[in-house]
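# Close look at the chain arrangement
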Amino acid sequence: MFASQVLRRRSVLAIIFFCSLLYFISSVFRQNVILESSEVREPISLDSIIWEIDLENTVNRTFKKSCRNSIQGKEIIVDERGFVCKRAALSSNGCCVRGADGTRRFVCDSCQMNGCCSMYELCVSCCLQPQKRSVVRKSYVRASRTFRYLFSTVKDIFDVCLAKCRTSSQSVQHENTYRNPNAKFCYGDDLPAVQMS
């Protein structure tokens, strides 16, 4: 009873209000300082990216080294060597096991001529194919200007392909539907063709 009477007093309510206001102002100021101090990095120059994969060493890699992979695939994964495999065929070092059932390299089965594919992992695998290198380089130059923040951290061809194959605002129309739901992951410059439903 005594506590409720104290809280009803105007002076106590005024103190609580001013403390809350002070906390709000300091939080906003702190957030603005962080935003102003964080720099937007420029995309990595074309010459700094490692465009070639050492095919001899990456294909014969065993459990001594680890592979980066796409991580997110529910059923299939692509590793940095271009191998696509079922999640069950992923070794402890992150590489797809060569020779395992369903493991293939540089898979472009679901990709169209414009570089758009039906699955993210297949898009990355096809993008890593050495014959696609010139298309990917040209596409990187164009995309790095548009999506600066996304491409500011790429180091090699695998990073470029991971970033390029993600769906973006260029994959959609009217802000809520894919231009082509069957080929929405693209590594090339061409946009997915609009598919009428």
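Below is a summary of the structure that appears in this document.

### Here's the deal with the overall build of the chain
- Along the backbone of the chain there are six helices and seven strands.
- Moving toward the C terminus, one meets the helices and strands of the chain in the order α-α-α-β-β-β-β-α-α-α-β-β-β.
- Burial status across the chain gives 38% buried among its 197 residues.
- In the chain, the share of contacts with a sequence separation of at least 24, taken over all contacts with a separation of at least 6, comes to 51%.
- For the chain, the computed accessible surface area is about 12900 Å², with 57% contributed by carbon and sulfur atoms.

### Some thoughts on the packing of aromatic side chains
- This structure, assessed with the given rule, holds two aromatic pairs.
- Between Phe-17 and Phe-18, the ring centres sit 5.4 Å apart and the planes meet at 70°, which makes this aromatic pair edge-to-face.
- Relative accessible area serves as the criterion here: at 49%, Phe-17 is assigned to the partly exposed category.
- Relative to Phe-185, the ring of Tyr-120 lies with its centre 6.1 Å away and its plane at 65°, an arrangement referred to as edge-to-face. Of this pair, Tyr-120 sits in helix H4 (residues 120-127) while Phe-185 sits in strand S7 (residues 185-186); the two residues are 65 residues apart in sequence, bridging distant segments of the chain. Phe-185 shares its class with Tyr-120; the two are buried.

### Concerning the state of the cysteines
- This structure, assessed with the given rule, holds seven disulfides.
- What pairs with Cys-127 in a disulfide is Cys-161, and their sulfur atoms sit 2.0 Å apart. Residues Cys-127 and Cys-161 are joined by a disulfide whose S-S torsion is about -75°; by sign, that bridge is left-handed. Here Cys-127, found in helix H4, pairs with Cys-161, found in helix H6 (residues 157-165); they are 34 residues apart in sequence, far enough to count as distant. In terms of burial, Cys-127 and Cys-161 fall into one category: buried.

### Observations concerning a nonpolar patch on the surface
- A surface patch of nonpolar side chains, about 600 Å² in accessible area, is lined by Phe-17, Phe-18, Leu-21, Phe-24, Ile-25 and Val-28.
- Mapped onto the elements of the fold, Phe-18 is located in helix H2 (residues 10-37).
- Owing to a relative accessible area of 53%, Phe-18 belongs among the exposed residues under this scheme.

### Brief notes about the nonpolar core
- Residues Val-124, Leu-128, Cys-165 and Tyr-187 are the most contacted members of the largest nonpolar core, which totals 29 residues.
- Residue assignment for this core shows that the elements contributing at least two residues are strand S1 (76-78), H4, helix H5 (133-146) and H6.

### Considerations on the side chain of Arg-179
- Mapping Arg-179 onto the fold places it in the loop between strand S6 (177-178) and S7.
- With a relative accessible area of 19%, Arg-179 lands in the buried category.
- Arg-179 has contacts with Gln-170, Ser-171, Val-172, Gln-173, Leu-191, Pro-192, Ala-193, Val-194 and Gln-195, leaving out every residue within four places of it along the chain.

The rules we used
Residues numbered from 1 in each chain as written. Predicted model: local features only at pLDDT ≥ 70, side-chain atom pairs only at ≥ 80, totals over all residues. Heavy atoms only, no water. Helix = DSSP H or I, 4+ residues; strand = E, 2+ residues; numbered from the N terminus. Buried < 20%, exposed > 50% of the residue type's maximum accessible area, 1.4 Å probe, protein only. Contact = heavy atoms within 4.5 Å. Areas by Shrake-Rupley, 256 points an atom, 1.4 Å probe, with all protein chains shown as cover. Phe/Tyr/Trp six-rings, centres within 6.5 Å; stacked < 30°, edge-to-face > 60°. Disulfide = S-S within 2.5 Å. Patch = residues over 30% accessible without salt bridge, like charges linked within 9 Å, V, L, I, M, F, W, Y side chains within 5 Å. Salt bridge = Lys/Arg side-chain N within 4 Å of Asp/Glu carboxyl O. Core = buried A, V, L, I, M, F, W, Y, C linked by side-chain atoms within 4.5 Å.

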